[in-house]
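Chain and residue survey
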Amino acid sequence: MKGDEVRGAGPGGPVDGTGEPPPPTGRARVPQMVRAKVAGSGALLLIIAAYHGSGYSRVAEAAASLPENLAAMTGGLWLFFSWHLTVLGVAALLTAVVGRVWARPVLLFCAFVTAGDFA
């Protein structure tokens, strides 16, 4: 009976608005727009990491007037933050390239860590 059909459902089950049935379980893909935004965010994190790392020499010069242990710690912390942003940027880019639903927890983790860094 035509009135009993579920709107938006095809022979393989509900559709996602594209007219195609969903892919098999475990192989679901993230929408293209979301992947583009994630890739842009990852690229932005890599740019920020490079910019941040480029200031290391100025920080090392300024830290020279500090006691030796503080000078070494300042440089290490400066480079660690740059490395941290690099790892998050690469993880975001890989998540965007892979584009699978199972990558969402990785992306969520990256978002929380990045927000915590800048808070």
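Our structure is the block above this text.
Residues numbered from 1 in each chain as written. Predicted model: local features only at pLDDT ≥ 70, side-chain atom pairs only at ≥ 80, totals over all residues. Heavy atoms only, no water.

**Quick notes on the overall build of the protein**
Quick reminder of the rule: The helix count covers DSSP runs of H or I at least four residues long, the strand count covers runs of E at least two residues long, and both are numbered beginning at the N terminus. Throughout, a residue-residue contact means that at least one pair of heavy atoms, one from each residue, lies within 4.5 Å.
If you tally the helices and strands in the protein, you get four helices and two strands. Mapped from its N terminus to its C terminus, the protein presents α and β elements in the order β-β-α-α-α-α. Sequence-distant contacts, at least 24 apart, represent 70% of the contacts inside the protein between residues at least 6 apart.

**Some points on the nonpolar core**
Inclusion rule: To define a nonpolar core, start from buried Ala, Val, Leu, Ile, Met, Phe, Trp, Tyr and Cys residues and group those joined through side-chain atoms within 4.5 Å. Here's how the labels work: a residue is buried when its accessible area is under 20% of the maximum for its type, exposed when over 50%, partly exposed in between, all with a 1.4 Å probe on protein chains only.
Judged by nonpolar contacts, Leu45, Ala49, Leu85, Leu88, Cys110 and Val113 together constitute the single largest core of six residues. Elements represented by at least two residues in this core include exactly α1 (32-54), α3 (68-98) and α4 (104-118). Not counting the four nearest positions on each side in its chain, Cys110 is found in contact with Leu88 and Ala91.

**Considerations on a nonpolar patch on the surface**
Defined as follows: Only residues whose relative accessible area exceeds 30% and that form no salt bridge enter a patch; like-charged residues are grouped when within 9 Å of one another, and nonpolar side chains (Val, Leu, Ile, Met, Phe, Trp, Tyr) when within 5 Å. Exposure was quantified through the Shrake-Rupley algorithm and a 1.4 Å probe, taking into account, for residues, occlusion by the shown protein chains and nothing else. We count a salt bridge whenever a side-chain nitrogen from Lys or Arg sits within 4 Å of a carboxyl oxygen from Asp or Glu.
Together, Leu66, Leu70, Met73 and Leu77 make up a nonpolar patch on the protein surface, roughly 360 Å² of accessible area in all. Along the chain, Leu66 falls in the loop between α2 (56-63) and α3. Exposure remark for Leu66: the relative accessible area of 39% places this residue in the partly exposed category.

**Concerning the side chain of Ser82**
Here Ser82 shows up in helix α3. Overall, the relative accessible area of 6% leaves Ser82 in the buried class. Each residue touching Ser82, except ones within four places of it in the same chain, is listed here: Ala49, His52 and Gly53.

**Some points on the environment of Ala39**
Mapped onto the fold, Ala39 is located in helix α1. When sequence neighbours within four positions are dropped, the list of residues in contact with Ala39 reads Leu93 and Ala96.

**Here we look at the environment of Trp83**
Within the secondary structure, Trp83 sits in helix α3. Each C-alpha atom, one on Trp83 and one on Ala49, is 7.1 Å from the other, the two residues being 34 residues apart in sequence.

**As for the packing of α2 against α3**
Worth spelling out the cut-off: Axis definition: a line fit to C-alpha positions, over the contact stretch in the case of helices; interaxial angles, taken between N-to-C directions, run 0 to 180 degrees. Roughly parallel means an angle under 35 degrees; roughly antiparallel means over 145; roughly perpendicular covers 65 to 115; every other angle is labelled oblique. Crossings are sorted by hand: turned counterclockwise from the far helix by less than a right angle, the near helix makes the crossing left-handed, and turned clockwise it makes it right-handed.
At a minimum axis distance of 9 Å, the contact between α2 and α3 shows a crossing angle of 165°. Taken together, the axes of α2 and α3 are roughly antiparallel relative to one another. The element α2 and its partner α3 pack so that their crossing is right-handed. Contacts between α2 and α3 involve Tyr56, Val59 and Ala63 from the former and Ala71, Thr74, Gly75, Trp78 and Leu79 from the latter.

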